[in-house]
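Chain by chain, the residues run as shown.
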Amino acid sequence: MFGAQSVPVVLDQLPHMQQAFASLMIVAIFGGILASVVASFARKFVRAVNAYIALAFLAALVSWPFVAMDPTRVEPDRPWLWLLVTVATSTAAVALSSWTATVYLVVAPILYGIVRITPSGGGKSWESASLDTVYAIILGGGVLILITLLRQAAASVDAAQVAALERYAHAVRQHATEVERVQVDSIVHDSVLTTLLSAARAYTPEAKDLATRMARNAIGHLKDAAETSPDDDATMSMDQLAHRIMGATSTLSAPFELRAQQVGTGIISVQSAEAVYSASVQAMVNSLQHAGHGPDVTRWLSIEEGESGGIRVEVGDTGSGFAVDTVPSERLGLRVSIMERVANAGGMVQIESSAGEGTVIRILWPRPSTASTLADAGWEQVAS
């Protein structure tokens, strides 16, 4: 726009200038301005084009005394280069570093002031030329400050974005490592150690057959863990998950009473379904191992639709029970195989138990989004 407003003055002063040199000067400067517009939209060669305009303007100032033929025609309106001083300092701010642009901001107006004092520039007094010079420096300085601030702000945003991406990538790696650790710990405890303990206590043909089936299942779990990708987006229905949990009771050494089996029509990812299934089986195995045996100990399994449309599994017994707060941290069955596994899958676990009064483990997936939903559902003591 500054370049466009100078066109009438250029056309008015053109007849009183050396035509060849003046035409070359006009093409060089205004051609550069048009090229900068194209480069800005194309986002290519922006700095190079703006640097060219800044240098072309300095060359025009130096050559002005040799181009103007009639100084009296210049005196009323100033040389038309005056209208482009701010354009030149702005292009220098875009193309050059802050310090170099600052030097240009001082040099270009001073050169114009010198031209203004000469006869070809109107022969003005140094006071008048100084006012024009200071005005050009102030106006160009404002543009330079604005561009510098925008650059610094953009650089800060870029640095913050890079830092945020690095922190996010680090968090993702840590999360993936933690999920893999929990998965391996759970598989080792649920399948391998449980199988070894069952095999060590297998004195009857039935117990040996059960240990054999558990060994096959453990090998299958290890193979599935090696073949399953953390980003696997496969899904299964809630009904399939419920039947799979109920089917696991047939491989256990004691029966579980099925008190409820009513799930919705929703779907669940295979990764989350595996977590809910394995945690449910581990809860039943814990009941068999620690609740005791006898006619007065009953065990049950309940599978229902969750409050958030997911699934809710309850495994309970009337056995010896335990104090949840006194469970050692090295006991992986409760902490890793059940609680951490379900929490990493987006669910939650509630454990109700006390010595001599049995144990109830409830598994809920997905985790409700608000605390009020938990309170309404009776989940006051939640471990996740």
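In this text the structure is predicted, and so the values were computed from the model without any measurement.

**Side note on the packing of helix H6 (residues 85–95) against helix H7 (residues 98–117)**
Moving on, step 1. It is the contact of H6 with H7, at a shortest axis distance of 9 Å, that shows an interaxial angle of 160°. In terms of their interaxial angle, H6 and H7 are classed as roughly antiparallel. Handedness of the H6/H7 crossing: right-handed. Of H7, the residues touching H6 (which contributes Val85, Ala88, Thr89, Ala92 and Ala93) are Ala101, Tyr104, Leu105, Pro109 and Tyr112.

**Structural notes on the side chain of threonine 133**
Moving on, step 1. Along the polypeptide, threonine 133 turns up in helix H8 (residues 126–200).
Moving on, step 2. In terms of polar contacts, threonine 133 uses its side chain to reach the backbone carbonyl oxygen of alanine 129, at 2.9 Å.
Moving on, step 3. Contact partners of threonine 133, with chain neighbours within four places excluded, come to Pro109, Ile110 and Gly113.

**Considerations on the packing of helix H3 (residues 19–42) against helix H4 (residues 46–67)**
Moving on, step 1. Between H3 and H4, the shortest axis-to-axis distance is 9 Å and the interhelical angle comes to 165°. As judged from the angle between their axes, H3 and H4 are roughly antiparallel. The crossing of H3 and H4 is left-handed. Contacts between H3 and H4 involve Phe21, Ala22, Met25, Ala28, Ile29, Gly32, Ile33, Ala35, Ser36, Ala39 and Ser40 on the former and, on the latter, Val46, Val49, Asn50, Tyr52, Ile53, Ala56, Phe57, Ala60, Ser63, Trp64 and Val67.

Cut-offs applied
Residues numbered from 1 in each chain as written. Predicted model: local features only at pLDDT ≥ 70, side-chain atom pairs only at ≥ 80, totals over all residues. Heavy atoms only, no water. Axes fitted to C-alpha atoms, helices over the stretch in contact; angles between N-to-C directions. Helix = DSSP H or I, 4+ residues; strand = E, 2+ residues; numbered from the N terminus. Parallel < 35°, antiparallel > 145°, perpendicular 65-115°, else oblique. Left-handed = near helix turned anticlockwise from the far one by under 90°. Contact = heavy atoms within 4.5 Å. Polar contact = N/O pair within 3.5 Å; in protein donor to acceptor, adjacent residues only side chain to side chain.

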